[in-house]
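# Remarks on the overall topology
Take a look at the letters that make up each chain.
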Amino acid sequence: MSSEIDNLVKTISKLKALGPKSARRIVLQLLDNKENLIKPLTKQLVEIYKNLRRCETCGDYFSVNSKCDCSNKKYKKIFVCEEIQDKWTVEESGIYSGGGYHVIGGVLPALESKKNGKLLISSLVNRVKDNKEIEEVILGLGNTAEGNITSHFIADKLKDFNIKITRLAQGISVGNSISYLDDGTLVTAFKNRGPVVSD
Ligand SMILES: [Zn+2]
C-alpha cells in the first residue's frame, strides 16, 4: 500500500463505526472513481471546511455565505433536541413544519465531563425572550435519565415565559435518542406530546 493510500485509510478509519477494513473498501472505491468521487469530494470538503460553522445560538451548522436559519423569527414553535441528527430525523418525518430548531449539543450532566462542550441552553432562553412570536417549546431530548434531567432543567428556565412547554410522548423507547425512532413512532410521540411533568 502506498503511503498516500495508507494515510487516507488511517484518516477514514477514524470515523466512528468504520474500522480499517471498511476504510480500505471506501478508499478503493474512491481510487476506482477518481473523476466521479474524488474530484467532487475534494471540492465539497474544501467548501465545508472553509464555509461551515456551528451556530452559537441554535447549535446547527450554517454557511458563512448566508445567515443561520435561527435568525429568521417568523415561527411560533421551537423544537429542542440533543444532536443535529435528531433535527434531521424530525425534518425528514415531515411531522413538524414551519417551526424553529434548537440543538443543545448533548444532555446534562454529561456536559460537565466535556471539556470543550457547552450546552446551548441560555441561548435557547434568549431566543424565547427575544421572539414574542414563540408560543411553544417542544422538548425532544432522549428518553434517558440525563434527558429527563435536562428537560426539567430547561422547563424550569422557561417557566416564567407565557408559552407552552411540551415534551414528546414518553415511554415509547426508553434509552433511545429520537434519531433512532421510526417515522410512525415519531409522529405518535409528536401528536401525544404533553407537559413536562416530574417522573
Ligand atoms: Zn443558528
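Quick caveat: nothing in here was measured; it's all calculated off a predicted structure.

### Some details on the sheet that holds strand β6 (residues 164–167)
Pairing between sheet strands relies on hydrogen bonds along the backbone, with the strands arranged either parallel or antiparallel. Spatial strand order, β4-β3-β5-β6-β7: 5 strands in an open sheet with mixed pairing. Each edge of the open sheet carries a strand with a single partner, namely β4 (100–103) and β7 (194–195). With respect to the sheet, helix α5 (residues 122–130) is in contact with β3 (77–81), β4 and β5 (136–139), its orientation differing from that of β4 by roughly 160°.

### What to know about the packing of aromatic side chains
One pass over the structure, following the stated rule, counts 5 aromatic pairs. On the basis of an interplanar angle of 80° and a centroid distance of 6.2 Å, the ring pair of F79 and Y101 is categorised as edge-to-face. With a gap of 22 residues between them, F79 in strand β3 and Y101 in strand β4 connect regions that are remote in the sequence. Using a relative accessible area of 0% as the deciding quantity, one classes F79 as buried. Plain terms: the ring middles of Y96 and F190 are 5.8 Å apart, the flat faces sit at 35° to each other, and that makes the pair tilted. Here F190 lies in helix α7 (residues 183–191) and Y96 lies in the loop between α4 (84–93) and β4, a separation of 94 residues in the sequence. Residue Y96 shares its accessibility class with F190, and that shared class is buried. Aromatic rings pair up to connect F79, Y96, Y101 and F190 into one cluster.

### Let's talk about the coordination of the zinc ion
Protein coordination at the zinc ion comes from C55 (SG), C58 (SG), C68 (SG) and C70 (SG), with a distance range of 2.3 Å. Geometry at the zinc ion is tetrahedral, judged from the 4 donor atoms that bind it and their angles of 100 to 114° at the metal. Each donor residue of the zinc ion belongs to the same chain, and together they define the spacing C-x2-C-x9-C-x1-C. Within this pair, whereas C55 is found in the loop between β1 (52–54) and β2 (61–63), its partner C70 is found in the loop between β2 and β3, the two being separated by 15 residues in sequence. Residue C55 shares its accessibility class with C70, and that shared class is buried.

### Examining a nonpolar patch on the surface
Judged by side-chain polarity, I48, L52 and Y61 come together as a nonpolar surface patch covering roughly 280 Å² of accessible area. Residue placement: Y61 occurs in strand β2.

### Comments concerning the confidence of the model for the protein
Residues of the protein with pLDDT of at least 70 account for 91%, and the chain-wide mean is 88. Taken element by element, the predicted model of the protein shows its lowest mean pLDDT in α7 (86) and its highest in β5 (97).

### A word on the pairing of β6
Relative to β6, β5 runs parallel, the two being bridged by 4 bridges. The partner of V137 across the bridge, within β6, is I165. Regarding the hand of the β-α-β motif, the stretch spanning β5, helix α6 (residues 145–157) and β6 is right-handed. Note that β6 and β7 share 2 bridges and pair antiparallel.

Reading the values: rules and limits
Residues numbered from 1 in each chain as written. Predicted model: local features only at pLDDT ≥ 70, side-chain atom pairs only at ≥ 80, totals over all residues. Heavy atoms only, no water. Pairing = 2+ DSSP bridges. Helix = DSSP H or I, 4+ residues; strand = E, 2+ residues; numbered from the N terminus. Contact = heavy atoms within 4.5 Å. Axes fitted to C-alpha atoms, helices over the stretch in contact; angles between N-to-C directions. Phe/Tyr/Trp six-rings, centres within 6.5 Å; stacked < 30°, edge-to-face > 60°. Buried < 20%, exposed > 50% of the residue type's maximum accessible area, 1.4 Å probe, protein only. Donors = N, O, S within 2.8 Å, 3.2 Å for Na, K, Ca; no water. Tetrahedral: all angles 85-135°; square planar, octahedral: opposite > 155°, others 65-115°. Patch = residues over 30% accessible without salt bridge, like charges linked within 9 Å, V, L, I, M, F, W, Y side chains within 5 Å. Areas by Shrake-Rupley, 256 points an atom, 1.4 Å probe, with all protein chains shown as cover. Salt bridge = Lys/Arg side-chain N within 4 Å of Asp/Glu carboxyl O. pLDDT = per-residue confidence, 0-100. Right-handed = clockwise from strand over helix to strand, strands pointing away.

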